[in-house]
Amino acid sequence: RRQPSVDGAAGLMGLPDLTQRGLADRFENLELSADGFSHRAHVAVAFAMLRKHPFLEATSRFGTTLHAMATAAGAVDKYNTTITVAFMALIFERMGDDTTDDFEAFCAANPDLLAAGTLRDLYSPERLNSPAARAGFVLPDRPGLGDERTVGVQVAGEGGKQVGGSVEVGEGDGFHGAVHVAIR
């Protein structure tokens, strides 16, 4: 049985009535084909996952499933945790308070997320393709971010209450390491 794939132009090839929740479910159940899983397909599934789950849970589930897909396809070397986490954060940020499930409208409002080199302004190729970036999340290294970098986190606490915080890292702090996010 051939698995359905996500089409870059029409949204969901062969699955015209699939909801965002249905897309996320099919992805997590490894029912989507890795063949032709384009960048747009990655963004569509990430969008669906972020509609279904809080940020950290969506990011963990997306990364775990994407890694499993890449492994099953014999392309585990293509998986990169930093790219995964960075795109999940960018998509989450762009979704903002908009609760629509209209992926096409989201794409129209955020065409840069579908363009090649979206992370180029944040990461040097060396850093983005490093073993550390593939294994865990590393902070951007491009100077365009200013002297201070702020990393924000929002987590759903008990009863669904959103709790958040941020960590500021300045050049003078001597921080030149990486933040690692384990995807299990």
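Overview of the structure. Since the structure is predicted, the reported quantities are computational estimates derived from the model, not experimental observations.

Some thoughts on the overall build of the chain
At step 1: Along the backbone of the chain there are seven helices and two strands.
At step 2: The order of α-helices and β-strands along the chain, N terminus first, is α-α-α-α-α-α-α-β-β.
At step 3: Going through the 184 residues of the chain one by one, you find that 37% of them count as buried.
At step 4: Taking the intrachain contacts of the chain between residues at least 6 apart in sequence as the baseline, contacts between residues at least 24 apart amount to 57%.

With respect to the pattern of salt bridges
At step 1: Under the definition given, this model contains eight salt bridges.
At step 2: Residue lysine 52 is joined to aspartate 25 by a salt bridge in which the shortest nitrogen-to-oxygen separation is 2.1 Å. Taken as a pair, lysine 52 in helix H2 (residues 39-52) and aspartate 25 in helix H1 (residues 20-28) lie far apart in primary sequence, 27 residues in all.
At step 3: Owing to a relative accessible area of 22%, lysine 52 belongs among the partly exposed residues under this scheme.
At step 4: With a shortest N-O distance of 2.6 Å, glutamate 104 and arginine 40 are connected by a salt bridge. Of this pair, glutamate 104 sits in helix H5 (residues 103-109) while arginine 40 sits in helix H2; the two residues are 64 residues apart in sequence, bridging distant segments of the chain.
At step 5: Residue classification places glutamate 104 among the partly exposed residues on the basis of a relative accessible area of 38%.
At step 6: Look at the salt bridges and you will find they share partners, linking Asp25, Glu28, Lys52, Glu57 and Arg61 into a network.

Observations concerning the packing of aromatic side chains
At step 1: Tallied over the entire structure, the rule returns five aromatic pairs.
At step 2: Between phenylalanine 27 and phenylalanine 37, the aromatic rings sit 6.1 Å apart at their centres with planes inclined by 10 degrees, giving stacked as the arrangement. With a gap of 10 residues between them, phenylalanine 27 in helix H1 and phenylalanine 37 in the loop between H1 and H2 connect regions that are remote in the sequence. Phenylalanine 37 shares its class with phenylalanine 27; the two are buried.
At step 3: A centroid spacing of 4.9 Å and a plane angle of 45 degrees characterise the contact between phenylalanine 47 and phenylalanine 106, whose relative ring orientation is tilted.

A few points about the environment of serine 130
At step 1: Mapping serine 130 onto the fold places it in the loop between helix H6 (125-128) and helix H7 (131-135).
At step 2: Owing to a relative accessible area of 17%, serine 130 belongs among the buried residues under this scheme.
At step 3: As a C-alpha pair, serine 130 and asparagine 80 span 50 residues in sequence and 9.3 Å in three-dimensional space.

Focus on the nonpolar core
At step 1: Judged by nonpolar contacts, the single largest core of 39 residues is most densely connected at Phe27, Phe37, Val45, Phe62 and Ile91.
At step 2: Only H1, H2, helix H3 (55-72), helix H4 (81-95) and H5 provide two or more residues apiece to this core.
At step 3: Considering every element that reaches this core, the biggest residue donor is H2, with nine residues.
At step 4: Those residues in contact with valine 45 that lie beyond four places of it in its chain are Leu23, Phe27, Leu32, Phe37 and Phe62.

About the thresholds
Residues numbered from 1 in each chain as written. Predicted model: local features only at pLDDT ≥ 70, side-chain atom pairs only at ≥ 80, totals over all residues. Heavy atoms only, no water. Helix = DSSP H or I, 4+ residues; strand = E, 2+ residues; numbered from the N terminus. Buried < 20%, exposed > 50% of the residue type's maximum accessible area, 1.4 Å probe, protein only. Contact = heavy atoms within 4.5 Å. Salt bridge = Lys/Arg side-chain N within 4 Å of Asp/Glu carboxyl O. Phe/Tyr/Trp six-rings, centres within 6.5 Å; stacked < 30°, edge-to-face > 60°. Core = buried A, V, L, I, M, F, W, Y, C linked by side-chain atoms within 4.5 Å.

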